[in-house]
Amino acid sequence: MALRKILIHPDPRLKKTTDPVTTVNDDLRRLADDMLETMYDAPGIGLAAPQVAVMSRMIVLDCEKEEDATPNPMVLINPEVVWSSDERNVYEEGCLSIPEQYAEVERPSEVEVQWMGLDGKTMREKFDGLWATCVQHEIDHLDGKLFIDYLKPLKRQMITRKMQKLKREMARS
Ligand code: NI
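Our subject in this report is the structure included herewith. (Residues numbered from 1 in each chain as written. Predicted model: local features only at pLDDT ≥ 70, side-chain atom pairs only at ≥ 80, totals over all residues. Heavy atoms only, no water.)

Our focus in this paragraph is the coordination of the nickel ion. Six octahedral donors around a metal ideally subtend angles of 90 or 180 degrees, whereas four tetrahedral donors ideally subtend 109.5 degrees. Cys95 (SG), His137 (NE2) and His141 (NE2) make up the full set of protein donors to the nickel ion, lying at 2.1 to 2.3 Å. Within one chain, the residues donating to the nickel ion are spaced in sequence as C-x41-H-x3-H. Residue Cys95 is found in strand β4 (residues 88–95), and its partner His137 is found in helix α2 (residues 129–142); the two are separated by 42 residues along the sequence. Here the two residues Cys95 and His137 agree in accessibility, since each one is buried. (Donors = N, O, S within 2.8 Å, 3.2 Å for Na, K, Ca; no water. Helix = DSSP H or I, 4+ residues; strand = E, 2+ residues; numbered from the N terminus. Buried < 20%, exposed > 50% of the residue type's maximum accessible area, 1.4 Å probe, protein only.)

Structure representation (C-alpha cells):
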C-alpha cells in the first residue's frame, strides 16, 4: 500500500465527470487499498478517486468517528443514489481537497445507494446520519462537484482564494 497525493482545489481534475469502472482488476484493488490508507492517514472519513487524480467512479468511506469503534472501511465502485428521503439534514462539511475549510450543507438525511463491490457483486444499502452526508459528498466528487458548490458565490470565492494562497505557499516550501 502507498499514500497517494491528494489534489487541492482549485484543480481542473476536481471539476470533471469521471468514467464508470468496467472491470475490477489488480490496479483497481491497489487503488482502493491506497485510497483507504490515504484517507485514514489524512485523517478523513471519505475519499473519491478524482481526489487522487484517478478519473474513475470509485469512492472509499469510513464514518465510524468514535476512537474505540471498529474500523468499517467501505469501497464503492460506480455508486449511484437510487432513493433519497424528503427529510433533509444540515451537517458542517469539510473536504480533504479543501483543507481546514468547513461550511454547513443541506442534503437528504437518508439515501439508498447501489454500487459494485470489489468482488464484482452489486450491493444496495441505506445510509443515514453522517454516513448519508459523507456518501453523497463523495458521489458528488465523481461528477466534479464540491461541497463549496452548494454555498453562496461570495463564500465560495473566499474559500477558493484561500486555497489558491495555500497552494502558492505549498509550492514555495
Ligand atoms: Ni471531499
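Read on for the rest.
By the element assignment, Asp11 lies in the segment before α1 (26–41). Judged by relative accessible area, Asp11 falls into the buried class, the value being 12%. Among the polar contacts listed, one links the side chain of Asp11 to the backbone nitrogen of Arg13, at a separation of 2.9 Å. (Polar contact = N/O pair within 3.5 Å; in protein donor to acceptor, adjacent residues only side chain to side chain.)

So, about the sheet that holds strand β1 (residues 46–48). A sheet is described by the order of its strands in space; here 5 strands give the open sequence β1-β2-β3-β6-β7, paired in antiparallel fashion. Either end of the sheet is taken by a strand with one partner, and the two such strands are β1 and β7 (122–128). Shown here is a sheet whose adjacent strand axes are inclined to one another by a mean of 40°, direction ignored. Relative to strand β6 (residues 110–116), strand β3 (residues 74–84) runs antiparallel, the two being bridged by 5 bridges. Following the sheet pairing, Ile77 is matched in β6 by Met116. Packed onto the sheet, α1 meets β1, β2 (58–61) and β3 and runs at close to 40° relative to β2. Running over the sheet, α2 touches β1, β2, β3, β6 and β7 and is turned about 155° from β2. (Pairing = 2+ DSSP bridges. Axes fitted to C-alpha atoms, helices over the stretch in contact; angles between N-to-C directions. Contact = heavy atoms within 4.5 Å.)

For the structure on display, the rule yields 2 aromatic pairs. Centroid distance Trp115 to Phe127: 6.0 Å. Interplanar angle 55°. Geometry classified as tilted. One end of the pair, Trp115, is in strand β6; the other, Phe127, is in strand β7, and 12 residues separate them in sequence. Relative to Trp131, the ring of Phe127 lies with its centre 6.5 Å away and its plane at 35°, an arrangement referred to as tilted. Relative accessible area serves as the criterion here: at 3%, Phe127 is assigned to the buried category. (Phe/Tyr/Trp six-rings, centres within 6.5 Å; stacked < 30°, edge-to-face > 60°.)

In this structure, β4 lies alongside strand β5 (residues 98–108), joined through 7 bridges in antiparallel fashion. Bridge assignment links Cys95 to a residue of β5, and that residue is Ile98. In this antiparallel pair of consecutive strands, β4 and β5, the connection spans 2 residues.

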